[in-house]
Amino acid sequence: MKKLLFASLLLSLLIAVTTSCEKAESEYSSYPCRFIYNNGLYLDLTLASAMNADAAGVFCHISETSMGGTRYLVFRNSNGDETRKQEMAQEQQASYILGLNNGIIVGYQTMDNGQRHGPFAAYDAQCSNCVRESGNTLNPKFPLAMSSNGIATCSVCQRKYDLNNAGYIQNPKGSDDRKLIQYVASTTGPYGTIVVSPER
């Protein structure tokens, strides 16, 4: 009887561990995303505002544009500041993949538990639920608009996502609504390096 009870407990423990691992593994997306940028070289203030742990709650939308054959990175933060930096040879060779459709949002999350700041986060700049409902991951057109209070709103369905809380949805439209698509992200500080990549 004791062996049977021990086996049952062991099986329950294995199921719990497996389930928790599955949840942890699904936190980040495996969609293609690649961005490595040394802000120590270019000193972009708009990007730096979102890479600053002391300014938790400020987020920066990163995209690429081309003008006259020259490629630029466009940085726009949740305070309304926008800057452009020409891509030099190093950036051009990096061949950035900025989420599903030329856009990621990065920044330190705020915390309500007395800590100075939450983790550094990177989200896809497309509405995760519209992407899922449309089945279009190749060229989705469901951009998010950021506000200064850390809320990102879909321009199509008007769902609102909390950038300070792992991208969770504030106004779900269905029981299967999901949080924002999130990538693995790290930074070494405002004028250091930022790295954003899919889950490996």
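Presented here is an overview of the structure given in this document. (Residues numbered from 1 in each chain as written. Predicted model: local features only at pLDDT ≥ 70, side-chain atom pairs only at ≥ 80, totals over all residues. Heavy atoms only, no water.)

Turning our eyes to something else, we now look at a nonpolar patch on the surface. Nonpolar side chains collect at one region of the surface, where Leu 43, Leu 45 and Tyr 191 lie side by side and expose about 330 Å² of accessible area between them. Summarising the element assignment, Leu 45 is placed in helix 3 (residues 45–50). Residue classification places Leu 45 among the exposed positions, given a relative accessible area of 62%. (Patch = residues over 30% accessible without salt bridge, like charges linked within 9 Å, V, L, I, M, F, W, Y side chains within 5 Å. Areas by Shrake-Rupley, 256 points an atom, 1.4 Å probe, with all protein chains shown as cover. Salt bridge = Lys/Arg side-chain N within 4 Å of Asp/Glu carboxyl O. Helix = DSSP H or I, 4+ residues; strand = E, 2+ residues; numbered from the N terminus. Buried < 20%, exposed > 50% of the residue type's maximum accessible area, 1.4 Å probe, protein only.)

All right, on to the sheet that holds strand 7 (residues 144–146) then. Strand order in the open sheet formed by 4 strands is 7-8-9-10, with antiparallel pairing between adjacent strands. The open sheet has two edge strands with one neighbour each: strand 7 and strand 10 (168–169). With 3 bridges joining them, strand 7 and strand 8 (residues 151–154) adopt antiparallel strand pairing. Residue pairing for strand 8: Leu 144 is matched across the bridge by Cys 154. (Pairing = 2+ DSSP bridges.)

Taken as a whole and assessed by the stated rule, the structure comprises 7 salt bridges. Among the ionic pairs, Arg 71 bridges to Glu 64, the shortest N-O distance being 3.3 Å. A salt bridge links Arg 159 to Glu 133, with the nearest nitrogen and oxygen atoms 2.8 Å apart. Linking Arg 159 in the loop between strand 8 and strand 9 (160–162) with Glu 133 in helix 5 (residues 128–134), this pair joins segments that are 26 residues apart in sequence.

This part covers the sheet that holds strand 3 (residues 70–77). Read from one edge of the open sheet, 8 strands run 1-12-11-6-5-2-3-4, paired in antiparallel fashion. The two strands at the open ends of the sheet, each matched to only one other strand, are strand 1 (35–38) and strand 4 (82–86). The mean angle between the axes of side-by-side strands here comes to 20 degrees, regardless of whether they run parallel or antiparallel. (Axes fitted to C-alpha atoms, helices over the stretch in contact; angles between N-to-C directions.)

Membership of the largest hydrophobic core comes to 43 residues, with the highest contact counts inside it found for Phe 35, Tyr 37, Ile 62, Ile 104, Val 106 and Val 196. Excluding residues within four positions of it along the chain, Tyr 37 makes contact with Tyr 42, Leu 47, Leu 73, Phe 75, Lys 85, Glu 91, Tyr 96, Gly 192, Thr 193 and Ile 194. (Core = buried A, V, L, I, M, F, W, Y, C linked by side-chain atoms within 4.5 Å. Contact = heavy atoms within 4.5 Å.)

Turning to the side chain of Lys 179, a few remarks are in order. Note that Lys 179 resides in the loop between strand 10 and strand 11 (182–187). Buried within the structure, Lys 179 lacks any salt-bridge partner; Glu 27 is the closest side chain of opposite charge, at an N-O distance of 4.6 Å. Reaching out from Lys 179, the side chain makes a polar contact with the side chain of Gln 182 at a distance of 3.4 Å. (Lys, Arg positive; Asp, Glu negative; His and termini not counted. Polar contact = N/O pair within 3.5 Å; in protein donor to acceptor, adjacent residues only side chain to side chain.)

As a further point, take the environment of Ile 194. Position of Ile 194 relative to the elements: it lies in strand 12 (residues 193–197). For the pair Ile 194 and Val 106, spaced 88 residues apart in sequence, the C-alpha to C-alpha distance is 9.4 Å. Excluding residues within four positions of it along the chain, Ile 194 makes contact with Phe 35, Ile 36, Tyr 37, Met 51, Val 106, Phe 120, Ser 186 and Thr 187.

Pairing geometry for strand 2 (residues 59–67) and strand 5 (residues 104–108), over 4 bridges, is antiparallel. By the bridge assignment, His 61 is partnered in strand 5 with Ile 105. Inspection of the sheet shows strand 2 paired to strand 3 by 8 bridges, in the antiparallel sense. Considered in strand 3, the bridge of Ser 66 is made with Arg 71. Linking strand 2 back to strand 3 in an antiparallel pair, the connection comprises 2 residues, with Gly 68 at a positive phi of about 60 degrees.

Fair warning: the whole summary comes from geometry, so function is off the table for now.
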